[in-house]
Each structure stands twice: as structure tokens, then as C-alpha cells.
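Take a look at the letters that make up each chain.
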Amino acid sequence: MWKPPQRIKFHSQLGHPPSAEQAQASRLFSPVSVGPLTLSQRTWVPAMVPWRSNDEGWVTEDVLQWYGRFARGRPGAIVIEATGIRDVPSGPLLRIGHDRYVEGLQRLVQTIHRESQGHTRALIQIIDFLNIRRRPEPAKFFERFLRITPRLREALGAQDWSEEAVRAHLSQMDPGQWPTVLDAREWEALHMGARERVTDTQWPHIQELPQVLPALFAAAAGRAQQAGFDGVELHYAHAYTMASFLSATNVRTDGYGGGRAQRIRLPLEVYGAVRQTVGPSYVVGCRYLAEECIDGGHTLDDAVWFGEQFARAGMDFVSTSRGGKFDDAKQPGVGSSAYPYTGRSGYECMPQYLSDEQGPFGRNIAATARIRSAIRAAGLDTPVVCTGGVHNFDMAEAMLERGDCDIVGTARQSLADPDWALKTSLGLGHQVRLCEYTNYCEGLDQKHKQVTCQLWDRQDLDEPGLRKSIDGKRRLVAPDWNPPG
Ligand SMILES: Cc1cc2nc3c(=O)[nH]c(=O)nc-3n(C[C@H](O)[C@H](O)[C@H](O)COP(=O)(O)O)c2cc1C
Ligand code: SF4
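To keep things clear, this report deals only with the structure shown in the data block. (Residues numbered from 1 in each chain as written. Chains lettered and ligands numbered in written order. Predicted model: local features only at pLDDT ≥ 70, side-chain atom pairs only at ≥ 80, totals over all residues. Heavy atoms only, no water.)

Attention now goes to the packing of helix α14 (residues 300-313) against helix α16 (residues 365-377). Running from N to C, α14 and α16 cross one another at 45°; their axes reach a closest spacing of 9 Å. In terms of orientation, α14 and α16 fall into the oblique class. The handedness of the crossing between α14 and α16 comes out as right-handed. Here Leu300, Asp301, Ala303, Val304, Gly307, Glu308 and Ala311 of α14 come into contact with α16, specifically with Ala367, Arg370, Ile371, Ala374 and Ile375. (Axes fitted to C-alpha atoms, helices over the stretch in contact; angles between N-to-C directions. Helix = DSSP H or I, 4+ residues; strand = E, 2+ residues; numbered from the N terminus. Parallel < 35°, antiparallel > 145°, perpendicular 65-115°, else oblique. Left-handed = near helix turned anticlockwise from the far one by under 90°. Contact = heavy atoms within 4.5 Å.)

Here it is, written out as C-alpha cells:
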């Protein structure tokens, strides 16, 4: 992962854990309305892909155990990881693209409700993403994948060569010359792996995204409702299709790109279709980027305006993130795919303890606060969820007190200690296992390996019946913690 050049070390702190009485009187542990739903407290576990599903996208026993463990910490809400709305092979990513997934998802909802003793609401994040290929071996790329176009022939002065001769010539060329003869996309396909963009309107399946996606998202949301989820979160963030429509880099000319009113058009149409399917009294919100954090990306001004439009359209919540784009991702190894959390924008999304003067904690707060103020100034009370580097009661309470947000998201802190909020609410905050922001978990995610936390994954490995990682070396869920009494 990219790290700020300053490499200043930051250490997370417990702060001043409240007594049980102080916790009970706090904002963090007070209820909040999200549309028609009430969360028992303002803690929220944002979506995190843990690679616990299988190649068919099912809810497996490991998926149930993973979310059951978070639920025992009784946060206000858990958002299930990015779950694919299409019924296409997607590796071990959860899927909701067909009715056959409903039954497994039902068990997942029941697990969260049961393990939290009814305290935690279960939402699911639904996602669409475009195709990305692994970085190819150059020899294979020139032999099989590259299309030999008239432009390429001209660049090589090879108009009358056979196709085989062109391919062989490219393969044997000094690699330093490749970028001088390949065009930008061909070069990207070779040194990063080919990646589709929403602006590739020369391809019918990309051109027709605005016609196809509303129905796909709506059907997926309908299945989420059928499975008993308390709500859905539309994934409009990071490197994926819907965020790419919102992005300032979206220059489509069909009315779905260019100015911000055109860029938000599809996200609003998707929301409209979802709302029509699930009805007025079902929770629907979105996660989107307060800042894209890439050169030429959308600015906070755009995000403030988007937030206001989402709220005006009737979304029940908006949840913010930042960065996490392919545009500045590092070159992957041959045979691997680019990972959108390896560049500066990736750092902004999941900042780690080696940082700049600003540090890794709360980097998304100021931007989110501006979005929330604009929504309030528009006379709307849509709750806003803010996530990023939050790991103790003091921070969370201060965010709520200042009015930066209404709900506090903690991803890695919840992974490090799924009971952090429960311990804090009971006046046992000094027992919280603090996330150290080393990004060991994110490194596993990058390799599509089962995600665990280094603070607990080697503990009590001899526990009877314990489920372990594929290599048998790590436990898959945090050891249980039993509240006193
Ligand atoms: C292993 C892992 C998987 C993640 N998967 C998702 C995801 O599926 N959807 C999403 O919106 N964000 C995802 N994120 C980002 C987190 O939700 C969160 O925004 C980010 O980690 C910053 O918050 P934190 O500092 O509290 O960890 C993931 C983060 C991690 C560490
Ligand atoms: S591995 Fe654990 S301690 Fe390290 S960043 Fe991830 S959650 Fe935090």
C-alpha cells in the first residue's frame, strides 16, 4: 500500500472510557432513527469483505460465524459486505443476483438478530462492478490478447506484415519501447491488466448500463427485503460501477456523464427503481465518496451536492467513505489483478499508522461534517454515517456532539474487537483491544485470503470445534468475550 512520505508513526489510544452510567447517558449509546427503523445505539459496522463465501456466492457456515461474532458485540447496525447483484461468477464474493440466494441470506439475517439478542439491525450492501483482468504475461498478451489494429501497424511501420510477424516483433521488442507503440489502453492492459470503464460506450454492455442497472439493483433489493434484511445500502463508493458514474472522470455524452447533474442521474434512477420495488417503508441508503482523492476526481463540493440530492430523493441514510480507486492503484504482479487500495486514494480509504501530519484517525470527519450541514441546511434530517480511523469512545462521542455525523462507523476497530462498543457501554472500555491500523487485514483482503486480525488470529487455536483458515494457521473469528455476570 502507498504510504505518505512523512511516515510519522501514530498509535491508537483508549482515550477516557466512560463508566457504565456515563455510557448510558452518552450520545453514542442513544437510539437513532434511520427512516422507519430505530437503531438501539449509534455504532455501525460498515461493509467489509472477509472472503468467507465460496465460488457460487453462497452464505456459508463461515459467513454465518463471521457475522454472528460481530453481532455478539451488539452494534446498532451491521452492513453485510459488498454483495454482487448479478448472477455471474465473482470468486468468493457473496451474491444476491438470483432468488436461490434468498434462503441463505435469510439464515444470515436470523443469525445477526439471534446472536445480538435482537439489538442489532442487519443491512446489506449491494454492488455492481465492471470487468477487470489479471496482469498478463507479456508473451501471452502479445500472442493472444492484443488486437492488431491498423493504428498499431502504423505505429510499428508494419502495414503489410502478417499478424504473426507483428505479434512476434512486439514480443521481442525492448520492453522500454512498448509504451511508445501501444496506445494508452493497450499499455494499461499489458502493465496493469485490462479494465473496463463506464466511459467505454463503444461496447454495448457498457453503453446500456443505465438501462440495465436500475432493474438489477431493484431485483437485488427486493431479495434483500424478502430475506428479512432491515435495509439495503447501495454501493456508490470506491472503484465500482456506480461510483464511476458519480466520478468527475465520467465524461459519457449520453446524458449520464459530464456535469454533476448528469453524473448523479443513474444513481438517482437506481434509487428510484429500488424504492419502487421495496416500497416507502423499507430502509434504503447509499455509501458514497466524500472525496475521490485522485487527480481529476470529484471534489467535496460535488459530494456535498450529491449528499443533498440523495437526501432530497428520500434516501433513509447516507454513509461516507473516501478514495479507494483503480485510477492510482499500484501495478499488480503478473497473474494478479489491480487492487484499488494500493495508491494514495487507497490510503485515504483505509489509512494506516504510518501517516502524514494529519494522521490516520478521522480523516473523513471534516468532509462528512460539511455534507451533513448541507443536508440539514436543506431542511432534511437524513442520518449521516461517518467512518474512517475511529477507535475509541472519546472520538465517537465528540463526532456526535459536534454534529459531524449521526452514526459512527468503525470497520477495522470492530474487526480488532467486535465487542468494543459492548465493553464500552458496560463501563469496561479499558478492556477494549485497540486496532493498531497495521493493515494486516487489508493485506489479506488484497490477496483474496480469508480476512482476520493479527491481534487475535493465533489465539486459543486448540479451542474445540474451532474453524480455521485454509492453511490451518489462523482462527477465523475473534475469541469470545463474556460480559461479567
Ligand atoms: C478487509 C476490508 C474489507 C472491506 N470491504 C468493504 C466493502 O465491501 N464495502 C465497503 O464499502 N467498504 C469496505 N471496506 C472499507 C471499510 O468499510 C472502511 O470504510 C475502511 O476500512 C475505513 O474505516 P476504518 O478506519 O474504520 O477501518 C473494507 C475494509 C476492510 C479493512
Ligand atoms: S489486522 Fe487488526 S489491528 Fe491490524 S489493521 Fe486490521 S483490524 Fe486493525
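Since the α-helix advances by 3.6 residues per turn, residues separated by three or four positions end up pointing in the same direction. The first and last C-alpha atoms of helix α10 (residues 209-227) sit 26 Å apart over 19 residues, in line with the 27 Å expected at 1.5 Å per residue. Where α10 is buried, its residues touch α3 (102-115), β6 (121-127), α9 (204-207), β7 (231-236), α11 (241-246) and α13 (265-278). (Expected span 1.5 Å × (residues − 1).)

Let's shift gears to the nonpolar core. Grouped together as the largest cluster of nonpolar side chains are 77 residues, with contacts concentrated most on Leu108, Phe229, Leu234, Tyr236, Tyr288 and Phe310. Examining the composition of this core, we find that seven residues originate from one element, α10, more than from any other. When near neighbours in sequence (up to four residues on either side) are disregarded, phenylalanine 310 contacts Tyr236, Leu246, Ile264, Pro267, Leu268, Cys286, Tyr288, Met315 and Val318. The next biggest cluster of nonpolar side chains, apart from the first, holds 17 residues, and it includes Ala23, Leu28, Val408 and Trp420. (Core = buried A, V, L, I, M, F, W, Y, C linked by side-chain atoms within 4.5 Å. Buried < 20%, exposed > 50% of the residue type's maximum accessible area, 1.4 Å probe, protein only.)

Moving on, we come to the pairing of β7. When you tally the buried positions in β7, you get six out of six residues, the bulk of the element. Relative to β7, β6 is paired through four bridges, and the arrangement is parallel. Among the inter-strand pairings, glutamine 125 is bridged to a residue of β7, identified as glutamate 233. (Pairing = 2+ DSSP bridges.)

Bringing the sheet that holds strand β4 (residues 43-45) into the picture now. The sheet built from eight strands closes into a barrel, its strands ordered β4-β5-β6-β7-β8-β9-β11-β12 with parallel pairing. Neighbour-to-neighbour, the strand axes of the sheet open up by a mean angle of 30°, direction not taken into account. Sheet analysis places strand β5 (residues 77-84) next to β6, joined by six bridges and oriented parallel. By the bridge assignment for β6, isoleucine 78 is matched with alanine 122. Packed onto the sheet, helix α2 (residues 61-71) meets β4 and β5 and runs at close to 155° relative to β5. Contacts from α13 reach β7 and β8 (283-291) within the one sheet, and its direction differs from that of β7 by about 165°.

With that out of the way, let us pick up the side chain of asparagine 364. Following the sequence through the fold, asparagine 364 ends up in the loop between β10 (354-355) and α16. A polar contact of 3.4 Å, which involves the side chain of asparagine 364, links it to the backbone oxygen of threonine 387. Non-local contacts of asparagine 364, meaning those with residues more than four positions away in its chain, are made with Ala290, Thr320, Ser321, Arg322, Cys386 and Thr387. (Polar contact = N/O pair within 3.5 Å; in protein donor to acceptor, adjacent residues only side chain to side chain.)

To continue, consider the layout of surface pockets. In this model, the second largest pocket occupies a volume close to 730 Å³. The wall of the second largest pocket is formed by 22 residues, among which Phe145, Arg185, Ala189, Ala194 and Trp203 lie closest to the centre. Taken together, the elements giving at least two residues each to the lining of the second largest pocket come down to α4 (138-145) and α8 (184-191). Of the residues forming the lining of the second largest pocket, the biggest block, four residues, is contributed by α8. Across the lining of the second largest pocket, the residue classes break down as seven nonpolar, four polar and 11 charged. (1 Å grid on protein atoms, 1.4 Å probe; cavity = no way out; pocket = protein on both sides within 12 Å on 5 of 7 lines; lining within 4 Å. Points joined across faces, edges and corners; volume = space filled by probe spheres on them. Nonpolar A, V, L, I, M, F, W, Y, C, P; charged D, E, K, R; others polar.)

By themselves, these figures tell us nothing about what the structure is for.
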